[in-house]
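Listed here are the chains, written in short residue letters.
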Amino acid sequence: MTIKTVGVVGGGTMGQGIAEMLAARGLEVLLAEKTTDKADHALEMITVGLDKQIERWALTIAEKKQILAKIKVTDSLQDMASCDMVIETISEDLNAKKHIFFQLNLICPPPVILASNTSTLSVTEIAAVTTNPERIIGLHFLHPVAKIDLVEIIRAMKTTDETYEQTRKFVDELIQKKSIKVNESPGFITTRLICTLINEALHTLSEGVASAEDIDSAMRIGYDFRYGPLEMCDRFGLDSVQAALEGMFREYGDIKYRPSFLLKQMVRAGHLGVKSGEGFFRYDKDGDRL
């Protein structure tokens, strides 16, 4: 099956990034949100991001117009019936994801691949609510989607070889990113390793070993990280990191995945990172460090 139109369910940070990247690759994109206002806001944020690229001379006005022309928004999941593949990008809530996939299973004909961008949850459990679990797969993009050329492809227990091969070709050939095959395991590869690093950085900070700035500088300069672990946490969203750690702690039972108390305190205080304007560092409305 040739993939020409891709549905993206969820217009948050990841949904916006995936939609923009797919459109930049020449694919038709249908971006779905709960309401028209949220869908319009997602498209507005994509436009803001494209304008910032123009300011940096990374994009032309003509390219911006071409990308936006490829993206349509909707507030109805029923419209996903016209897509060749659907990628779910809503928050890391297992029940919410299962509800979405239950609906998509009824809406989209069997040849359509249904993928979840989950970073920690069981794709097998998500697939269990459908009548065609063989077409369900994990497709974990990393943030920022446009800049990171890696995608984890997660095979659920009943994902067929055909579904995997079609998805691999989609990643490697159509959108030209590097695919990594992952047999389902909590946190997969990237989330499991990076959240462990972030959690240890949080323990280091709470023990007073060094300041947040110096901890990040040590890893950013010393090990050539683009961002230090605490700024990574801010950019992922402290609540998302906490949810990922709690999920892995529940599944593995290993104390190294137990979220730092400092992380829980920050989340309770509403300091969620870039999305709230303040985490371990402060940010403007465009997500730039102050």
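Just so we're clear, the structure is a prediction, and the values are computed from it rather than from any experiment.

**Here we look at the nonpolar core**
Line of reasoning, step 1. Counting 32 residues, the largest nonpolar core has Leu22, Ile87, Leu139, Phe141 and Phe170 as the members making the most contacts within it.
Line of reasoning, step 2. The element best represented in this core is helix H1 (residues 13-24), accounting for six residues.
Line of reasoning, step 3. Those residues in contact with Phe170 that sit more than four places away from it in its chain are Ile3, Val6, Leu22, Leu27, Met85, Leu139 and Ile175.

**Examining the UniProt feature "domain: 3-hydroxyacyl-CoA dehydrogenase C-terminal" (unreviewed entry) in the protein**
Line of reasoning, step 1. Sequence positions flagged by UniProt for "domain: 3-hydroxyacyl-CoA dehydrogenase C-terminal" (unreviewed entry) are, in local numbering, residues 187-283.
Line of reasoning, step 2. Between the end C-alpha atoms of residues 187-283 the distance is 27 Å, and the span holds 61% helix and 0% strand.

**Observations concerning helix H11 (residues 261-268)**
Line of reasoning, step 1. Those residues of H11 that fall on the buried side of the exposure criterion are Leu262, Leu263 and Met266. Axial view of H11: buried residues confined to an arc of 100 degrees, hence all on one face. In H11, those exposed residues whose orientation departs by more than 90 degrees from the buried face are Phe261 and Arg268.
Line of reasoning, step 2. Buried residues in H11 make contact with helix H7 (190-206), helix H9 (229-236) and helix H10 (238-252).

**Here we look at the sheet that holds strand E5 (residues 113-116)**
Line of reasoning, step 1. Spatial strand order, E3-E2-E1-E4-E5-E6-E7-E8: eight strands in an open sheet with mixed pairing. The open sheet terminates on both sides in strands that have one partner only, identified here as strand E3 (71-74) and strand E8 (178-183). On average, each strand axis in the sheet is inclined to that of its neighbour by 25 degrees, with strand direction left out of account.
Line of reasoning, step 2. Helix H2 (residues 36-55) rests against strand E2 (28-32) and E3 of the sheet, and its axis sits at about 155 degrees to E3.
Line of reasoning, step 3. The sheet strands contacting helix H6 (residues 161-174) are strand E1 (5-9), strand E4 (85-88), E5, strand E6 (136-141), strand E7 (150-155) and E8, and the helix crosses E7 at an angle near 175 degrees.

**Some thoughts on the environment of Val129**
Line of reasoning, step 1. Looking at the element boundaries, Val129 is found in the loop between helix H5 (123-127) and E6.
Line of reasoning, step 2. Aside from chain neighbours lying at most four places away, what touches Val129 is Lys98, Phe101 and Phe102.

**Digging into the UniProt feature "site: Important for catalytic activity" (unreviewed entry) in the protein**
Line of reasoning, step 1. What UniProt calls "site: Important for catalytic activity" (unreviewed entry) maps, in this numbering, to His140.
Line of reasoning, step 2. Relative to the helices and strands, His140 is located in strand E6.
Line of reasoning, step 3. Taking the relative accessible area as the measure of exposure, His140 reaches 6% and is therefore buried.
Line of reasoning, step 4. In this structure, His140 is in contact with Ser116, Asn117, Thr118, Ser119, Leu150, Val151, Glu152, Ile154, Phe188, Thr190 and Thr191, ignoring residues within four places of it in sequence.
Line of reasoning, step 5. At 2.7 Å, the side chain of His140 and the side chain of Glu152 are in polar contact.

**Re the pairing of E2**
Line of reasoning, step 1. In terms of burial, E2 is largely enclosed, as four of its five residues are buried.
Line of reasoning, step 2. Across five bridges, E1 lies against E2 in parallel orientation. Counted as the bridge partner of Val6 is Val29 from E2.
Line of reasoning, step 3. Since E1 and E2 lie parallel, the crossover through H1 that links them has a hand, and here it is right-handed.
Line of reasoning, step 4. The pairing of E2 with E3 spans four bridges and is classified as parallel. Across the sheet, residue Ala32 finds its bridge partner in E3, namely Thr74.

**Details of the packing of H7 against H10**
Line of reasoning, step 1. At a minimum axis distance of 10 Å, the contact between H7 and H10 shows a crossing angle of 110 degrees. With respect to their mutual orientation, H7 and H10 come out roughly perpendicular. Counted together, Thr191, Arg192, Cys195, Ile198 and Asn199 of H7 and Val241, Ala244, Leu245, Met248 and Tyr252 of H10 form the full contact between these two elements.
Line of reasoning, step 2. Residue composition of the contact of H7 with H10, by class: seven nonpolar, two polar and one charged.

**Points about the packing of H9 against H10**
Line of reasoning, step 1. Between H9 and H10, whose axes approach to 5 Å, the crossing angle comes to 100 degrees. By the angle between their axes, H9 is roughly perpendicular relative to H10. Contact residues: H9 offers Cys233, Asp234 and Phe236, while H10 offers Leu238, Ser240 and Val241.
Line of reasoning, step 2. Classifying every residue of the contact of H9 with H10 gives four nonpolar, one polar and one charged.

Definitions and limits used
Residues numbered from 1 in each chain as written. Predicted model: local features only at pLDDT ≥ 70, side-chain atom pairs only at ≥ 80, totals over all residues. Heavy atoms only, no water. Core = buried A, V, L, I, M, F, W, Y, C linked by side-chain atoms within 4.5 Å. Buried < 20%, exposed > 50% of the residue type's maximum accessible area, 1.4 Å probe, protein only. Helix = DSSP H or I, 4+ residues; strand = E, 2+ residues; numbered from the N terminus. Contact = heavy atoms within 4.5 Å. UniProt positions renumbered as here; feature names shortened; annotations may be inferred. Arc of directions from axis to C-beta. Pairing = 2+ DSSP bridges. Axes fitted to C-alpha atoms, helices over the stretch in contact; angles between N-to-C directions. Polar contact = N/O pair within 3.5 Å; in protein donor to acceptor, adjacent residues only side chain to side chain. Right-handed = clockwise from strand over helix to strand, strands pointing away. Parallel < 35°, antiparallel > 145°, perpendicular 65-115°, else oblique. Nonpolar A, V, L, I, M, F, W, Y, C, P; charged D, E, K, R; others polar.

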